[in-house]
Amino acid sequence: MTENTGVKLGGGPGSRGRTTIADVVVEKIAGMAARDVLGVHALGSGFARSMGSMRERMPGAGSGKSVTRGVSVEVGELQAAIDLEIVVDYGASITDVAGAVRESVISAVERMAGRDVVEVNIMVSDVKLPEEEDEGEERQRIQ
């Protein structure tokens, strides 16, 4: 019979290397989490959204909205700080929307990226009125 000492060589998988997460990964997680909140119309300033809309129409520029527009992050080995610029739907409580965005972003980043979120700063740059057209929407000349 052989004796089993129960000693593993090299330690657990977590101690056998380092995981680095790029800022853009956390930006995408935060952007998606913020967009999922009811009352958030868009991320980014009006200028950034209109420039993004023009870029999306250019051939070879990719399709879909940029998930990271309006999102800025600083990511360390253990922590992350996030700045968001949002546009809120008219009629929604800005403080409630900001609180829900903060909760959603913190939860998503901590769960998916394993970083302690030390702050989520939110700047509301605009309110989307019901009669306003979105940037990028083309007006119909005839109905």
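Please read all numbers here as calculations on a predicted model, not as lab measurements.

S.K.: Residues and numbers for the overall build of the chain, please.
M.R.: Summing up its helical and strand segments, the chain has 3 helices and 4 strands in all. The N-to-C order of helical and strand elements in the chain reads α-β-α-β-β-α-β. Looking at the chain residue by residue over its 143 residues, the buried ones come to 27%. Sequence-distant contacts in the chain: of pairs separated by 6 or more residues, those separated by 24 or more amount to 73%. Accessible area of the chain: about 10000 Å², with a carbon and sulfur share of 52%.

S.K.: Give me helix α1 (residues 23-35): which residues, what numbers.
M.R.: A rise of 1.5 Å per residue sets the reference length of α1, with its 13 residues, at 18 Å; its end C-alpha atoms lie 18 Å apart and thus fit the reference within 8%. Every buried residue of α1 is accounted for by Val26, Glu27, Ile29, Ala30, Gly31, Ala33 and Ala34. Along its buried surface, α1 packs onto β1 (40-43), β2 (71-75), β3 (79-89) and α3 (94-113).

S.K.: Give a detailed account of the pattern of salt bridges, specifying residues and quantitative values.
M.R.: Counted by the stated rule, this structure contains 1 salt bridge. Between Glu77 and Arg18 there is a salt bridge whose closest N-O contact spans 4.0 Å. Residue Glu77 is found in the loop between β2 and β3, and its partner Arg18 is found in the segment before α1; the two are separated by 59 residues along the sequence. Relative accessible area serves as the criterion here: at 66%, Arg18 is assigned to the exposed category.

S.K.: Describe α3, naming the residues involved and giving the relevant values.
M.R.: Over its 20 residues, α3 extends 27 Å from the first C-alpha to the last, a length consistent with the 28 Å expected when each residue adds 1.5 Å. Buried within α3 are the following residues: Val97, Ala98, Val101, Val105, Ala108, Val109 and Ala113. One side of α3 holds all its buried residues, which, seen down the axis, span an arc of 110°. Of the residues in α3, the exposed ones pointing more than 90 degrees away from the buried face are Thr95, Asp96, Glu103 and Arg111. Contact partners of the buried residues in α3: α1, β1, β3 and β4 (116-128). In the stretch just after α3, Gly114 is the one whose phi turns positive, near 65°.

S.K.: Could you give an account of the packing of α1 against α3, with specific residues and numbers?
M.R.: Packing of α1 against α3 brings their axes to within 8 Å, and their N-to-C directions diverge by 140°. Looking at the two axes, α1 sits oblique to α3. For the pair α1 and α3, the sense of crossing is right-handed. In this structure, α1 uses Val26, Ile29, Ala30, Ala33 and Ala34 to contact α3, whose residues at the interface are Val101, Ser104, Val105, Ala108, Val109, Met112 and Ala113. Classifying every residue of the contact of α1 with α3 by side-chain character gives 11 nonpolar, 1 polar and no charged.

Rules used in this analysis
- Residues numbered from 1 in each chain as written.
- Predicted model: local features only at pLDDT ≥ 70, side-chain atom pairs only at ≥ 80, totals over all residues.
- Heavy atoms only, no water.
- Helix = DSSP H or I, 4+ residues; strand = E, 2+ residues; numbered from the N terminus.
- Buried < 20%, exposed > 50% of the residue type's maximum accessible area, 1.4 Å probe, protein only.
- Contact = heavy atoms within 4.5 Å.
- Areas by Shrake-Rupley, 256 points an atom, 1.4 Å probe, with all protein chains shown as cover.
- Expected span 1.5 Å × (residues − 1).
- Salt bridge = Lys/Arg side-chain N within 4 Å of Asp/Glu carboxyl O.
- Arc of directions from axis to C-beta.
- Axes fitted to C-alpha atoms, helices over the stretch in contact; angles between N-to-C directions.
- Parallel < 35°, antiparallel > 145°, perpendicular 65-115°, else oblique.
- Left-handed = near helix turned anticlockwise from the far one by under 90°.
- Nonpolar A, V, L, I, M, F, W, Y, C, P; charged D, E, K, R; others polar.

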